[in-house]
Amino acid sequence: MPSTLHILVAEDDPHTREALVTILEQDGFQVTATPDGESAWTAFKNSPPDLVCLDVMMPGLDGYEVCRRIRKTNEHIPLLFLTAKSEEIDTVVGLELGADDYVAKPFGVREILARIHAILRRTRLLENKPDAPTRYQMHDLTIIPTELRGVRDETEITLSLRDLKILQLLHDHPNQVLTRDHIYNHAWGYDHMPNSRSLDQHISQLRKKIESNPANPTLIQTVHGVGYRYEPSQNLSK
């Protein structure tokens, strides 16, 4: 299972910044958020992230200057520009400076996550993690962690890092009942208080993605009052 990826977010608007932190943490990323270019550059030097999201227009150092500095020290780290401007010249400048992609504000949750997942796939960052398996099977579902997706009958299913953590944990403990606290601590981290409701809601959404029949799940089975279990030998014809 890929270890938690660290994203640095530089955004001067507090509402947008807080929304980005929430979105990315819910998707399983570790996030460092800064309100301006200078603090973003300091944070980058102190704890180099796996991916950077940079607002273009910030007080002090703007996103372009932060990008220039980052590229002088690291030519390969994935970098996504956030911009309220739609003029083509701004897009061109950003890409010429070495950004991997850009997102125009306002943006939706699905769009920002899709762009980040696409960058990670293109840069194949996940494959560089030494503990990331190439792929594994759960019944008729093939899971490809390095590409943040699953495949069933040639149909692709987009998976988040948190989805992958849950599935990997279940896959690695076949036929065992895993408690809600165990799964939550593994997928959210020990710095979050265990929250059964958040886990159950996430499992419900994950089942909609991966189960052939979410109303009768075979991959993630509920063990009432305890947690969840994966049975690899279950008879799928039932």
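See the structure printed just above.
Colleague: Would you take a moment to explain the layout of surface pockets for this structure?
Modeller: One way to see where empty space is left: roll a probe the size of a water molecule over the atoms. Quantified by volume, the largest pocket comes out at close to 520 Å³. Along the wall of the largest pocket there are 18 residues; nearest its centre are D27, V109, R110, L113 and K209. At six residues, the largest contribution of residues to the lining of the largest pocket is made by helix α5 (residues 109-123). Its residues assigned to classes, the lining of the largest pocket comprises six nonpolar, seven polar and five charged.

Colleague: Would you mind going over the sheet that holds strand β10 (residues 178-179) with me for this structure?
Modeller: Pairing between the strands of a sheet is mediated by backbone hydrogen bonds and can be parallel or antiparallel. Strand order in the open sheet formed by three strands is β10-β12-β11, and the pairing between neighbours is antiparallel. The sheet is open, and its two edges are formed by β10 and β11 (221-223), each paired on a single side. Here β11 runs beside strand β12 (residues 227-229); their pairing, made up of three bridges, is antiparallel. Of the residues in β12, the one forming a bridge with T222 is Y228. Sitting on the sheet, helix α8 (residues 196-210) is in contact with β11 and β12, with an inclination near 30 degrees to β12.

Colleague: So what exactly am I meant to see when it comes to helix α6 (residues 161-172) here?
Modeller: Think of an α-helix as 3.6 residues a turn; residues three or four steps apart then line up on the same face. Taking 1.5 Å per residue as the helical rise, α6 with its 12 residues ought to reach 16 Å, and the 16 Å between its terminal C-alpha atoms agrees with that figure. Burial within α6 is extensive, with 10 of its 12 residues counted as buried. All buried positions along α6 are accounted for by L161, R162, D163, L164, K165, I166, L167, Q168, L169 and L170.

Colleague: For this particular structure, what's the right way to read the pairing of strand β9 (residues 155-158)?
Modeller: Looking at chain direction, strand β8 (residues 149-152) and β9 are connected through four bridges and run antiparallel. Note that in β9 the partner of G150 across the bridge is I157. Hairpin remark: β8 followed by β9, antiparallel, with two residues in the connecting loop; positive phi at D153, about 50 degrees.

Colleague: How should the pairing of β8 be read in this particular structure?
Modeller: In regular strands, side chains alternate between the two faces of the sheet. Here three bridges tie strand β7 (residues 141-144) to β8, and the two strands are oriented antiparallel to one another. Pairing of T142 across the sheet is with V151, part of β8. Counting the residues in the hairpin turn of β7 and β8 gives four residues, including L148, whose phi is positive at 50 degrees.

Colleague: I tried to follow the nonpolar core on my own but got confused; where do I start?
Modeller: One broad trend across soluble globular proteins is that nonpolar side chains are buried collectively. Counting residues in each nonpolar core, the largest one holds 46 residues, and the members touching the most others are F29, I112, I116, I166, L167, I210 and I220. Among the elements that make up this core, the one with the highest residue count is α6 (six residues). The residues contacting F29, other than those within four sequence positions of it, are T4, L5, I7, L24, I116, H117, L120 and L161. In this structure, V52, L61, V66 and I77 belong to the second largest nonpolar core, which totals 20 residues.

Colleague: Any chance you could explain the packing of helix α2 (residues 37-46) against helix α3 (residues 63-73) here in plain terms?
Modeller: Packed helices, taken two at a time, are described by their axes: the angle between them and the distance between them. Running from N to C, α2 and α3 cross one another at 15 degrees; their axes reach a closest spacing of 10 Å. Comparing their axes, α3 and α2 come out roughly parallel. For the crossing formed where α2 meets α3, the hand is right-handed. Contacts from G37, E38, W41 and F44 in α2 reach V66, R69, I70 and T73 in α3. Grouping the amino acids of the contact of α2 with α3 by side-chain chemistry returns four nonpolar, two polar and two charged.

Colleague: For this particular structure, what's the right way to read the sheet that holds strand β1 (residues 6-10)?
Modeller: The parallel open sheet is built from five strands, whose spatial order is β2-β1-β3-β4-β5. Both outer strands of the open sheet, β2 (30-34) and β5 (101-104), are each paired with one neighbouring strand and no more. Sheet twist, expressed as the mean angle between neighbouring strand axes with direction ignored, is 20 degrees. One ladder, built from four bridges, connects strand β4 (residues 79-83) with β5; its direction is parallel. By the bridge assignment, T83 is partnered in β5 with A104. Across the sheet, helix α1 (residues 14-26) touches β1, β2 and β4, and the angle it forms with β2 is around 170 degrees.

Colleague: Can you help me understand the environment of H173 in this one?
Modeller: Looking at the element boundaries, H173 is found in the loop between α6 and β10. It is 8.3 Å that separates the C-alpha atoms of H173 and R229, two residues lying 56 residues apart in sequence.

Parameters at a glance
- Residues numbered from 1 in each chain as written.
- Predicted model: local features only at pLDDT ≥ 70, side-chain atom pairs only at ≥ 80, totals over all residues.
- Heavy atoms only, no water.
- 1 Å grid on protein atoms, 1.4 Å probe; cavity = no way out; pocket = protein on both sides within 12 Å on 5 of 7 lines; lining within 4 Å.
- Points joined across faces, edges and corners; volume = space filled by probe spheres on them.
- Helix = DSSP H or I, 4+ residues; strand = E, 2+ residues; numbered from the N terminus.
- Nonpolar A, V, L, I, M, F, W, Y, C, P; charged D, E, K, R; others polar.
- Pairing = 2+ DSSP bridges.
- Contact = heavy atoms within 4.5 Å.
- Axes fitted to C-alpha atoms, helices over the stretch in contact; angles between N-to-C directions.
- Expected span 1.5 Å × (residues − 1).
- Buried < 20%, exposed > 50% of the residue type's maximum accessible area, 1.4 Å probe, protein only.
- Core = buried A, V, L, I, M, F, W, Y, C linked by side-chain atoms within 4.5 Å.
- Parallel < 35°, antiparallel > 145°, perpendicular 65-115°, else oblique.
- Left-handed = near helix turned anticlockwise from the far one by under 90°.

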